[in-house]
Every structure is written in C-alpha cells, then in structure tokens.
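Read off the chains here:
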Amino acid sequence: MEQIAAQLANGLVVGTTIALTALGLTLVFGILHIVNLSHGEFYMMGAYFTWAAHSVLGNFWASAALAALATGLVGGGMLLAFAGRLAGASPLRWALLTLGFGYVLRELAQLVFGTDFKLVGLPIEGTVPYFGGLYRVVVTVASIAMIVALALFLARTRYGVLIRAVASNREAAAVAGVSAYKVYAWIAFISAALAGAAGAFMLPITSAYPTMGLEILIMAFVVVVVGGMGNIRGALVASLVAGLLQSTLILVMKPSFATIVVLCALMLVLVVRREGVRAAW
Amino acid sequence: MVRHANRAAIAFASLAAAAVAPLWLPPYFVYLLTELVIWALVAISLDLLIGYSGLPSFGHAVFFGVPAYAFGIAATRSESFAIALASALLAIVAVSVLVGYLATRTGGVGYIVVTLLCSFAFFIGAFAWTALTGGENGLYVPAEMSMASLSAHARYLVVLGIGSLAGGFAWWLTKSPYGLVLLGIKANERRMQAMGYRTQKYKFQITVLAGAIAGIAGVLYALVVRTLSADLVGPELSTEAVIWVLLGGAQTLIGPVLGAALFISLKQILNNIPAYPILLGLLFVAVVVWAPSGLVKLRFPRSRLPRLRATRIDERTQD
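Residues numbered from 1 in each chain as written. Chains lettered and ligands numbered in written order. Predicted model: local features only at pLDDT ≥ 70, side-chain atom pairs only at ≥ 80, totals over all residues.

Topic: the overall build of chain A
- Secondary structure summary: chain A contains 11 helices and 2 strands in total.
- In chain A, the succession of α and β elements from N to C terminus is α-α-α-α-β-β-α-α-α-α-α-α-α.
- For 281 residues, the compact-globule estimate of 2.2 N^0.38 gives 19 Å, and the C-alpha radius of gyration of chain A, at 18 Å, lies within 12% of that figure.
- By its C-alpha atoms, chain A is 60 × 50 × 35 Å across when sized along the principal axes.
- Counting only residues that meet the buried cut, chain A has 52% of its 281 residues in that class.
- In chain A, of all internal contacts separated by at least 6 residues, the share reaching a separation of at least 24 is 77%. (Helix = DSSP H or I, 4+ residues; strand = E, 2+ residues; numbered from the N terminus. Rg over C-alpha atoms; globule rule 2.2 N^0.38 Å. Buried ≥ 20, exposed ≤ 12 C-beta atoms within 10 Å, placed from the backbone. Contact = placed C-beta atoms within 7 Å.)

Take a look at the structure:
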C-alpha cells in the first residue's frame, strides 16, 4: 500500500513534469507551427544551467529560476532566429532544423559538462505521509501553479488575448495591428522557459545527463499528439495519465517496458478517438 | 518526348555500368556498393512518401529494421530458409499496415510525430526485449541462412537486381495516374477530397507500399550484412534517411539516392572527428536553410518546371 502510494506520488511529479514540457511543445506548435524536436534538449539545458548556477550561488530555487530564464532566452532565441527565414515553411523543415539543434546541444552538453551524472542534493528534506519526499510535493504544487498561471495569463491578460488572436488567425490579427513577431517571441520564450523549469525541478530527482532530454521528449510528444496537436487541456490530461500509468507500471515491470506500454496505451487512444482538436482554445 | 526517351536510355546505361563496373573493384568496395544499393532503396521508398505524397515519415527505419529483425529472429530459430523469408514478408506487411494506420489516422503534422514515436517505441523494445532481439549485443544471422556463400560480386548483382526492380516500380508508380493523385494530395489535399478522392485511403496505401519497399531493403540488409542492432529501427537512422532525401532533393527519386551515397561517404570520412554530432547537426541546419529543395535541384532548376510549380503551391498551402 505504502509503495503504491509512493509510486502514485512519484507519478504526479513525473506527470506534471511531462505536462510542463508538453505545454511548451504544444504552444510552439499551435501558434508558431513548429514541430520542435529540440524541446527535450531545452529541458536538459534547464537542468544543466541549474546545476551550474547552483555550484556558484548555492541556493537551489534562485538557480532554478535563473536557469528557466536563461533556457527561455537561449532556446527561444534559437527558434526565433530562424522563424523569419522559415516563415511558412513546411513542418518537415522545422522538424529537421530542430533535430539539428538537438544534436548540437546534446554534444555541447557532453563537451562542457562531460557524460557523468550531475546531481544536486534535495533542497528540502523531510517526508509527507503517503506522498513520500516533501520536495516532490513542493515541486508538483509549483508546477501546477505555473500551469495555472500560464492558463490565466493566456485567458485574462492583454498579452494572452493577443497571443490567442494570432493563434486563431494571424492575418486578421496583423491587420488589426498585432505584431505577430512580438507574439512569436513571447511564445518561443515561454515554451523554452517551461521546459527549462521542468528540467530544473527534475535535477535533484533524476540528476542531469546529456541524453536526459530524449526520454522526456518522447513522452511529451505522445501527450501532445494524444491531447490533440496544439490543444492545451488535452495535453494536460494526457500527461497526468501518462505519468501515473508509467510510475505504477514500474512496480511490475522493467522501466523501458513501462515506457513502451504507456506509448502503446496512448497510441490506442488515437485509434479510438480520431485526430484531436487542432489549435482550438 | 525526346527528353523522356533520353532519360530512360541514361537510366539503362547507368544500370548496366553499375552492374559491370564492380568486376574490376576489390571485394571490399563491392561490399560497400552492395550496402549502398540497399540504402538507396530506403531513400527511394522514403522519397515516395516525402517527395511524392507530402507525408514526412520520421520513422522510416521501422519499416526497414523490423523485417530485418524478423528475418534474423526466424533464421536463428529455425532451419528453413523459407520460414525465415515468410516471417520477414509477414513482418513487412504487419509493420507497414500498423504504422501506416496509426500515422495516417492523425493527419497533418501528426504523421511526423507518430512515425517518430513508432521508431522510438521499436528502438526501446529492441533494446529491452533481449531474449528475442539480443538487446545490446545485437543479432547475428547465421551464415548458411544468408548470402555468405555467394561471391561478393554475385551478391552485389542479386541486390542490384532486386533493388532496381523495386526502384523501377517506384519510378513507374510516380509516373502513373495513381502517382498524380498522390502529387495532388501533396499539393492540396482538400481540393482532392472535393474532387471525390478518398485521400485518407491513398495516404494509407502509399505508406504501406513505401514501407514494403523499405522492408525489402531491410531483408536484403539482413542477408548481406548479417549483423542486426537496435539502431536499425531507431530514430537516428529514421532521421538520417530524411536527410538523404532532402539533401539530394525530394521528389526526384535519383536525388535521394545520390543524397544517401554522399551522406554515407561523408559520414565514413568524418566519423573519426570528435565533435562529429555537432557537424551533423549543423549539416541539418545548413540543408534546411540553404538547400531546402535539395542539391539535385540546385543544378537543374529549369528542367522540372511543372513540378516546381506544384511544390510552390504546396508550400503556400502549408503556410
């Protein structure tokens, strides 16, 4: 019983991490029409930046915030640098371009930080009954808070309205005087920063290594597809299901088999329910 | 159509040259050429999807690797060559139908993502299911179940023969009315639907067909190279194949073949450089930015005017 509860709590952490990453993916896809295959590397960047900042500052939370910011600027900047050049290009070209980004970033991480695991001690000690480590609970709450904040930002603020306007009809928004470029910049930044934050949060749990982005990218992509490409709510539900399913399956089978079972289960959703809502808000 | 006849003559002449020339080459180069023909077949089948149907498959290695594995697994477990071949053929059909169904079900960009995910899933599976696939150690096809008894040149001729048959079929397909429908779907799917074509059906069929051609290449690989590893179904090979097609020039058939040859030779040369993945990544970026329609089209921009117009319409609808 205790074990199952602990795994469920773990599933919540994994699920919210996937959700943070998948949100960034689905935003960039829904609005910039970019299939971002380097999103996992943004996640990795967040973890490494946190580790580097932590070794200088010593405070985990400040380092995590800095890392998310830095990832947002670097990652968002990379996407934005090519957004003008590839305006209206097919998704295939974007996929290939970001795949190239991924290769470069992964290799750079390996050159700079080495292949060994970089770990940071848990910033909060202590346990909560039935939930396991206190840190996991705090991280889950923080991630959910960030998701809610993003939803409110999109729903209520002026910038959120502009972003939704560009998402639903770029030409009409441009005619009405909305700068699409500014919106793109915001979305690219938010997307990469969310991935960076997710990486930062997972650093004390999984530690940082160059290929850490691959696993999360797979999960995030499944979630985005199953949730309906560009659909935020669908992605959220799917990521929680994926996280919980995977953590409980680990109790009975090898982790890699658990990943495959989750992949297959989510693919089954596709079979039952044809393409989700596209970029619908 | 003089140009048409010319092209056929050139094709036959180069095929004859390809068959005869290796007679004077050392066996090692013949072996390399044999492998290259196999990769060329993969590139051609992927071009059918990317170039002629607008279906960017990022999981093409699955179509290639799963039949190869099926052949290898059956060959290590049973004495009969026929059973091994039959299970490989079964795997070709099963995997192309499965992936094709899932990928065409989502439509649009979902195709990229779903094919990529399939590649990941099979990759993890090939690593994890050690009892069946040998896991990290890989799988060795026994010599008596392969083409090991043939001489290098005979092997090359067999592969070239099967390869050019499949390649010829692909070429005939792109010239047929069926191929035109596919091009129409690539340019504007909604209009084709309005004209009464069941585009979903066409997209599924061409995925299965291209998957089958890649599967034939996979079985040839198992017969010739005989060492199977999880990389053969993995995302790395899948994405590399996309690079072959784009580097050479999608929608040309010959372009992807040249792209594969160029890329594989480059890889052999650059493999010893430590920062090789960075170079590879930068190559991806360079291809996307500077040669979006491939190297072949850099050279002959005017010879394919009607097709170029088709791609331009395509780009506009993608916006």
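Here we look at unusual backbone geometry
- Positive phi, close to 60 degrees, is recorded for A:His33, a residue that is not glycine.
- By secondary structure assignment, the location of A:His33 is in the loop between helix H1 (2-32) and helix H2 (39-57).
- Residue A:His33 is classed as buried on the basis of its C-beta count, with 22 C-beta atoms lying within 10 Å.
- Even without a glycine there, the phi angle at B:Gln251 is positive, about 65 degrees.
- One can find B:Gln251 in the loop between helix H11 (235-248) and helix H12 (254-270).
- Judged by the 27 C-beta atoms lying within 10 Å of it, B:Gln251 falls in the buried class.

Considering the nonpolar core
- Grouped together as the largest cluster of nonpolar side chains are 193 residues, with contacts concentrated most on A:Val222, A:Val223, B:Ala43 and B:Leu117.
- Non-local contacts of B:Ala43, meaning those with residues more than four positions away in its chain, are made with B:Ala241, B:Trp244, B:Val245, B:Pro256, B:Val257, B:Gly259 and B:Ala260. (Core = buried A, V, L, I, M, F, W, Y, C linked by C-beta atoms within 7 Å.)

Some remarks on the interface of chain B and chain A
- On the chain A side, the residues contacting the 36 residues of chain B number 33 residues.
- Taken together, the elements giving at least two residues each to the side of chain B that touches chain A come down to helix H4 (81-106), helix H5 (110-128), H11, helix H13 (276-290) and helix H15 (305-318) of chain B.
- At 11 residues, H5(B) tops the list of elements feeding residues into the side of chain B that touches chain A.
- For the side of chain B that touches chain A, the residue count by class is 26 nonpolar, 7 polar and 3 charged. (Nonpolar A, V, L, I, M, F, W, Y, C, P; charged D, E, K, R; others polar.)

Examining the environment of A:Phe117
- Turning to its location among the elements, A:Phe117 is positioned in the loop between helix H4 (91-113) and strand S1 (127-128).
- Taking the C-alpha atoms as reference points, A:Phe117 and A:Val141, separated by 24 residues in sequence, lie 26 Å from one another.

A closer look at the confidence of the model for chain B
All names here are of chain B.
- When the pLDDT values of chain B are averaged, the result is 86; 91% of them are 70 or greater.
- Across chain B, element-level confidence peaks in helix H10 (residues 199-224) with a mean pLDDT of 95 and bottoms out in H15 with 45.
- Here residues 302-306 is modelled with pLDDT under 50, and outside its nearest four sequence neighbours on either side it reaches 0 contacts, counting other chains as well.
- A low-confidence stretch, residues 308-319 (pLDDT under 50), is modelled with 16 contacts involving residues beyond four sequence positions or located in other chains.
- Interface scoring of the predicted complex returns ipTM 0.81; its pTM is 0.85. (pLDDT = per-residue confidence, 0-100.)

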